[in-house]
Amino acid sequence: MQKQSLKKRPAQKRLTNSEKKERADFAEREERTREMLKDQIGRSIALRSKEREFHGLDREFLFYQEDMLRLYDRAKDSKHPRDIGLAREQIVRRFLVDTGLLPARYAASDRSVRVASTTGHVSGELDILFYDPLDSVSLMSRENAFQVLPVESTYGTIQVKSKATRQDIRDGLENIASYKRLRRISTGGWTVFSGRPKSQQGFGILFAFDTDLDWIDLVNEVKAFAQNKPKHLWCNAVFVLTKGFVLHGAKHCPAFLNDDISAITELQMHGHPDRTGLCFYDLYSVLLDLLKSTDVQPPPVESYFQLPFVAGEHSYKYSMGQFAEFGTCETHGDFPRKLTEDKLVEVIEWCKSAEPINWIRAMDIAYGKPGDNTETYEGQPGDVRIYNPDALPFSDILVMDRPFMRDGEQVITKALSFDSIETAGMTIWIPRVYEVTRGIINSCPKCEQKKQKAPIPAGAA
């Protein structure tokens, strides 16, 4: 399996005078349009407010957006970046949750949170996470300051930025991708939203209060990220409260639901400038649809008891569990025995085309038996794949001679000489000879580091 190659991000070219003027003219037209529309809406709302206390959500969301920006400006007085970050998250959470806009079936995190999957992968730190308050459990909690939740009971996340720079956008999209790549265990069955099955993947929204980027630069930054990532890792929407929002899509067809994004064949970005002061309502509307269209299930808590090791996109665990997870060096003591991503992929790819073999039959052959006891093998089923790229006899790679003393005499016996791992839906036996000669599983890291630093003797080739 080849690692996904990322396209090199082109350097930002300097704008010509003509391009600068074109952008300035666009910004001026947008500002005039915005002021005209907001004036018309404000006058209409003022007249309706004289007749009725409540006449629609438009007035409420105009107030919400104005209040959010006012609180954001006040929060910028904080000196520590961490305090500013917490303040901006609390503002968004306050106007989405504390106002009663979200149904009680959707809970929103109120502390630093990460999400874990049964593959052992864990997301980056998420600003606001939406989850099922009834069936979710806390896998880890530290003094009401940090929490880990299972992916199966989560709906999605909003990553919150202050005045978003290009790097802020990239960082936020990467964090969303770290969440969206988590795989869920499905307990079977499915539910529907608007006549189609709900998504089995969570969503991710990037939100910023403001940005100094021109509108076209904001759109292009989101597009550049998408062009370097598979579609299942794209964010679902990007909102900038003072500017508007951006969606992926095809020609004439914007998309923010996961299934619609996955169906895109030729990417075309769709920008929606905020000309009415109702960007927060647009966020709320998209968020509600995403929440309704995402399936959650009670987490399989037992599968989180001991998570597998992670190697890039893959994960693995030793069949012998903790007995095989560490080695002991006479000099440096215990050390973790791991497979790197490259080595794990090498083993997986080779074993995909290897012939499965009953595990008892493999051991019979390794101990010199003919391996023809079919009745026994059928009575104890269980196939394994044996990593054996050099096609060596099983007797040479699965067992080894091990001497021990008995009644004052040295006796030679046969001992198992392989590790068994479970990965990619397979049980794989990795002979120790390949662990050493091909570096599949590491030895003592400190000893290896010492060898690398050792000077090369004079005259050595």
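Preceding this section is the structure that the text describes.
Worth saying up front: this structure is predicted, and the values here are computed from it rather than measured.

The rules we used
Residues numbered from 1 in each chain as written. Predicted model: local features only at pLDDT ≥ 70, side-chain atom pairs only at ≥ 80, totals over all residues. Heavy atoms only, no water. Helix = DSSP H or I, 4+ residues; strand = E, 2+ residues; numbered from the N terminus. Expected span 1.5 Å × (residues − 1). Buried < 20%, exposed > 50% of the residue type's maximum accessible area, 1.4 Å probe, protein only. Patch = residues over 30% accessible without salt bridge, like charges linked within 9 Å, V, L, I, M, F, W, Y side chains within 5 Å. Areas by Shrake-Rupley, 256 points an atom, 1.4 Å probe, with all protein chains shown as cover. Salt bridge = Lys/Arg side-chain N within 4 Å of Asp/Glu carboxyl O. Pairing = 2+ DSSP bridges. Contact = heavy atoms within 4.5 Å. Axes fitted to C-alpha atoms, helices over the stretch in contact; angles between N-to-C directions.

**Considerations on helix H2 (residues 57–75)**
So, step 1. Relative to the 27 Å expected for 19 residues at 1.5 Å per residue, H2 spans 26 Å between its end C-alpha atoms, a close match to the ideal helical length.
So, step 2. Three or more residues of H2 are buried, namely Arg59, Glu60, Phe61, Leu62, Tyr64, Gln65, Met68, Leu71, Tyr72 and Ala75.

**So, a nonpolar patch on the surface**
So, step 1. A grouping of Val137, Leu139, Met140 and Val301 is seen on the molecular surface, where their side chains present a nonpolar patch of about 260 Å² in accessible area.
So, step 2. If you trace the backbone, Leu139 turns up in the loop between strand E3 (128–131) and strand E4 (140–142).
So, step 3. Here Leu139 falls in the partly exposed class, since its relative accessible area comes to 32%.

**Here's the deal with unusual backbone geometry**
So, step 1. Phi angles above zero are rare outside glycine, and His252 is one such case at about 60 degrees.
So, step 2. Of note, His252 is situated in the loop between strand E11 (244–250) and strand E12 (253–255).
So, step 3. A positive phi angle, close to 55 degrees, is found at Ala391, a residue other than glycine.
So, step 4. Positionally, Ala391 belongs in the loop between strand E19 (383–386) and helix H11 (394–397).

**Quick look at the sheet that holds strand E18 (residues 357–358)**
So, step 1. Read from one edge of the open sheet, 6 strands run E14-E15-E22-E23-E19-E18, paired in mixed fashion. Edge positions in the sheet fall to strand E14 (309–311) and E18, since each has one partner strand and no second.
So, step 2. Sheet strands in contact with helix H8 (residues 341–352) are E14, strand E15 (314–318), E19, strand E22 (418–423) and strand E23 (426–431), and its direction is about 110 degrees off that of E23.

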